[in-house]
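Descriptive analysis of the structure
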Amino acid sequence: MSEKDERKDAMTRRQFIRKGGYVAGGAIGGGILGASISQMFMPTAPSPSPEISKTKNEGVQKADVERYNQALMFFNKQEDFKVLAQASERIFPADDLGPGAIDLDVPFYIDHQLAGAWGNNARDYMLGPFYPGIETQGFQSHLKRNEIISQGIARIQSVSKENFKKKFTELNEQQQDDILAAFEKGKVKMKGVSSNDFFTLLRMSVLEGVYADPLYGGNRDMAGWKMKGFPGNQMSYLAQIESKEFLEIEPSSLHSHIASPKK
Amino acid sequence: MAKTLPKVDVLTVGVGWAGGIIAAECAKNGLNVVGLERGGNRNTEDFSMIHDELRYAIRYDLMQDVSKETITFRNKLDQRALPMRQLGSFLLGSSVGGSGVHWNGHTFRFLPYDFEIKTKTIEKYGKSKIKDDYLLQDWGITYDELEPYYDTFEKTCGISGEPNPLGGKRSSDYPTPPMKNTVITNKFRDAAKKLNLHPFSLPSANLSEAYTNPDGEKLNACQYCAFCERFGCEYGAKTSPNITVIPTAMKTGKFELRTHANVIEIIHEGGKATGVKYIDTLQGEEFIQPADVVVLTSYVMNNAKLLLVSKLGNPYDPKTGKGVIGKNYSYQLTPGSTGFFEKERFNTYMGAGALGQVVDDFNGDNFDHSNLDFIHGGTLVVSQSGYRPIASNPVPPGTPLWGKEFKEQSIKYYTRTINAGFQGASLPHRDNYLDLDPTFKDAYGVPLLRMTYNFTDQDRKLHEYLTKQSEKIMKEMGADTVMNIGKLVDYNIVPYQTTHNVGGVIMGDDPNISAVNNYSQMWDADNVFVVGASAFPHNSGYNPTGTLGALAYRAAEGIVKYSKNGGQLV
């Protein structure tokens, strides 16, 4: 099969699967769930729900309006946020494949996560005493994630000024990479944590922002998923699982899954 | 002052698979049962937002909140144990259904060899085959004796599968046909056949078709949506206690599920438990729940911890080798190979938790160990449970872990990678055990459980052997590049490996070296049953839930018997 044929084939399948996605999504959105979905009904669910299709369309339109949730919950200085953004972009840069961290709204994702439960280690064991431990015993710092990231961002800026007499945001890409590589290798002195721990945390946060459901504020317009070929939230692959060909499926997010809270 | 509640016939500490099975069977037999569960309730309708990798797979929404309770860990006796501050190597469950909610659904039977491992090893290879300090012991039950209980559990779950050509005898077929095959699973099946191995479909608790179990509980057919592992099923198509044994128990009218009840102590006197003390974590008050029979059905860690903090049973001491509680803690090995394919793209994003093919040729004593310096083995599985984009960034060896090249390669190989993974058996060692930590405490002031664990020489040799096998099969599958999971080094509690922790309250036929008999009844307290993978004297090369379920059905039978006649059942 030529590449062109493959694409054409994928398109028809894509439409087919999208339709299938609406169907199952409709059942869930309408509040008819698991136990009450008839066992006979499940594999060959008919007619899409018009209500859900509407929700979905609204979602698409909203992409063009102002993104009011794009402001800072955690960082105080816009300069720090810029350093975070540019470091994130070096970790996941824009290229021919598609957008990088900044265009995917990853810096906002990270800022918002740092302000919440995860940034404050709400579900981690944070009682003392604290001892350094060995590598196999895992992370033992008394610092919270948001303390580690803000310290790390400040250190990126200070290392940049020490080495290049410039702000991190004024450096060229190679210089920025060199600084980040020093953090990755654990060569930068930090308090209560190694620079490698900081870098690992930052890198993981960037990947989360690229690929988490857009509900968290990153992965703008599911572009992270589109680049990777991950179709997101699909209700069923029952009809496709045995396919011998690779299928490109238009992604769908959890937003397509939610019922209107109105009466 | 804790308030004392009216006495019940049976109480379970924890309501997952073990607690649910005990509750259903005891209640069906007319006993009044209370299930004390530290977490909240949840069911199929709680999983409508489940297709969320970040929330469930990365942030572990369904797992234990370790801010309240965790374990401490060290590799060796002379180290200071430190708290596992974040989940990592294994994912402890919590709330109604326990890990039975977020499991993948691989539902195996252990081999006949496993239950008589010591006897059979000596018979075939002589005494010297078992090295010093390995606490290998028989289970006090044979495969044939346990077979009817496996059968019951598989029917409760509606397991989809086909017989393991190298497994023990089965009294009946799997209740539902095997799951479908995909390009990925077929590739493995074909390669295995070419190498004269015996592939078979992974026994799956994601069901190939709709099914009604013998208790009348209805299960749906799997949609292959790829959100199984670490997730609950929004279709009711992955068997869990919540859609089988717990509703079955409820229907009897004899079961009360009490959530947010965190048990902190077993109260006992003269070799008998009188009940438990628990904290209602919503009210913030302590209660005493008296019972004729106390059944510990929490995870491996808390089963051991509760006995230790309650000073019930004799704690194991690695220096003298005496005592039993905390002994034989075992884990598993996870060697394997990743294949990178240049010419093909696979639908890696589709799948089901237990969609896969298995070979058992390198497990147990299914191959000759005469010239090998280890015993046992592992199962090799290629499963297609669905690669998720945050966690799945496979790159060939030597690729940087960030930047332009990482982005290109991780995107390219996301759909061009297949993993073949072993679950290697884990044999008990004198120095690997569980006890109480002297320093760290949980949110209720109770000491944390301390785990002392490292991989052993046996593990390193077995790991190396299994890696060679996975590499060979991955090459046969046609991978352009094969990357192996490297040499086994010290056990590290950070990277996820497997949630197949076993042992600590092990079964056997000798009270000197085991804590419970083959009904999971404590030798030291007739009315205390400790049910779960905590009873496994070693871990086989399989997922543990099938065996856990079988042992729970047997324990339930024992509890019903005990309630009538009392005394030791064995």
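Calculation criteria
Residues numbered from 1 in each chain as written. Chains lettered and ligands numbered in written order. Predicted model: local features only at pLDDT ≥ 70, side-chain atom pairs only at ≥ 80, totals over all residues. Helix = DSSP H or I, 4+ residues; strand = E, 2+ residues; numbered from the N terminus. Rg over C-alpha atoms; globule rule 2.2 N^0.38 Å. Buried ≥ 20, exposed ≤ 12 C-beta atoms within 10 Å, placed from the backbone. Contact = placed C-beta atoms within 7 Å. Pairing = 2+ DSSP bridges. Axes fitted to C-alpha atoms, helices over the stretch in contact; angles between N-to-C directions. pLDDT = per-residue confidence, 0-100. Domains from an automatic or database assignment. Nonpolar A, V, L, I, M, F, W, Y, C, P; charged D, E, K, R; others polar. UniProt positions renumbered as here; feature names shortened; annotations may be inferred. Left-handed = near helix turned anticlockwise from the far one by under 90°.

Moving on to the overall build of chain B. Helix and strand counts for chain B come out as 12 helices and 22 strands. Compactness check: chain B gives a C-alpha radius of gyration of 23 Å against a globular reference of 25 Å for 570 residues, within 12% of the reference. Summarising its shape, the C-alpha atoms of chain B cover approximately 70 × 55 × 50 Å along the three principal directions. For chain B, buried positions account for 61% of its 570 residues. Here the contacts in chain B between residues at least 6 apart in sequence split such that 75% fall between residues at least 24 apart.

With that out of the way, let us pick up the overall build of chain A. When you go through chain A residue by residue, the secondary structure sums to eight helices and zero strands. In sequence order, the secondary structure elements of chain A are arranged as α-α-α-α-α-α-α-α. Considering chain A as a whole, with its 263 residues, one finds that 41% of them fall into the buried category.

Another aspect to go through is the sheet that holds strand 17 (residues 417–424) of chain B. All names here are of chain B. With antiparallel pairing, the six strands of this open sheet are ordered in space as 6-15-16-17-14-20. Looking at strand neighbours, the two that pair on one side only are strand 6 (200–201) and strand 20 (481–484), the edges of this open sheet. Taken together, the two bridges between strand 6 and strand 15 (residues 356–359) define a ladder with antiparallel strand orientation. Directly across from phenylalanine 200, in strand 15, lies its bridge partner valine 358. Across the sheet, helix 7 (residues 183–194) lies against strand 15, strand 16 (378–383) and strand 17, angled at about 20 degrees from strand 15, the strand it touches most.

This brings us to the confidence of the model for chain A. Considering every residue of chain A, the mean pLDDT works out to 82; 75% of them sit at 70 or more. Overall, residues 1–62 of chain A carries pLDDT values under 50, and its contacts beyond four positions in sequence, including any with other chains, amount to 76 contacts.

All names here are of chain B. Each assigned domain of chain B is listed here: domain 1 (1–44 + 240–329 + 429–453 + 493–570) and domain 2 (160–238 + 334–424 + 455–490). Taking the mean C-alpha position of each, domain 1 and domain 2 sit 31 Å from one another. Each side of the interface is counted separately: domain 1 has 13 residues, and domain 2 has 18 residues. Considering only residue class, the side of domain 1 that touches domain 2 consists of three nonpolar, nine polar and one charged.

Attention now goes to the UniProt feature "domain: Glucose-methanol-choline oxidoreductase N-terminal" (unreviewed entry) in chain B. This chain's UniProt record puts "domain: Glucose-methanol-choline oxidoreductase N-terminal" (unreviewed entry) on residues 217–330 of chain B. Across residues 217–330 of chain B, helical content stands at 15% and strand content at 35%; the span's end C-alpha atoms are separated by 34 Å.

This part covers the UniProt feature "domain: Glucose-methanol-choline oxidoreductase C-terminal" (unreviewed entry) in chain B. This chain's UniProt record puts "domain: Glucose-methanol-choline oxidoreductase C-terminal" (unreviewed entry) on residues 428–552 of chain B. Secondary structure within residues 428–552 of chain B divides into 22% helix and 20% strand; the distance between the first and last C-alpha atoms comes to 22 Å.

For the rest of this paragraph, the subject is the packing of helix 4 (residues 106–115) of chain A against helix 7 (residues 195–211) of chain A. Angle between the axes and distance between the axes are the two parameters that describe a pair of packed helices. All names here are of chain A. The N-to-C vectors of helix 4 and helix 7 enclose an angle of 115 degrees; their axes lie 9 Å apart at closest approach. Handedness of the crossing formed by helix 4 with helix 7: right-handed. Judged by residue contacts, Val106, Tyr109, Ile110 and Gln113 of helix 4 engage Ser205, Val206, Gly209 and Val210 from helix 7. Class assignment of the residues belonging to the contact of helix 4 with helix 7 gives a composition of five nonpolar, three polar and no charged.

All names here are of chain B. The element helix 9 (residues 300–309) is extensively covered by neighbouring structure, given that nine of its 10 residues are classed as buried. Within the sequence span of helix 9, burial applies to Val300, Met301, Asn302, Asn303, Ala304, Lys305, Leu306, Leu307 and Leu308. The first or second residue beyond helix 9 is lysine 311, which carries a positive phi of 55 degrees.

Between chain A and chain B, the contact holds 58 residues from the first and 62 residues from the second. Secondary-structure elements contributing two or more residues to the side of chain A that touches chain B are helix 3 (78–91), helix 7 and helix 8 (223–228) of chain A.

Backbone torsion omega between A:Gly128 and A:Pro129 reads 0 degrees, so that peptide bond is classified as cis. Note on placement: A:Pro129 falls in the loop between helix 4 and helix 5 (145–164). Phi at B:Asp133 takes a positive value of approximately 75 degrees, unusual for a residue other than glycine. Here B:Asp133 is to be found in the loop between helix 5 (117–125) and helix 6 (143–157). Judged by the 15 C-beta atoms lying within 10 Å of it, B:Asp133 is partly exposed. The phi dihedral of B:Asn196 falls on the positive side, at around 60 degrees, and the residue is not glycine. Mapping B:Asn196 onto the fold places it in the loop between helix 7 and strand 6.

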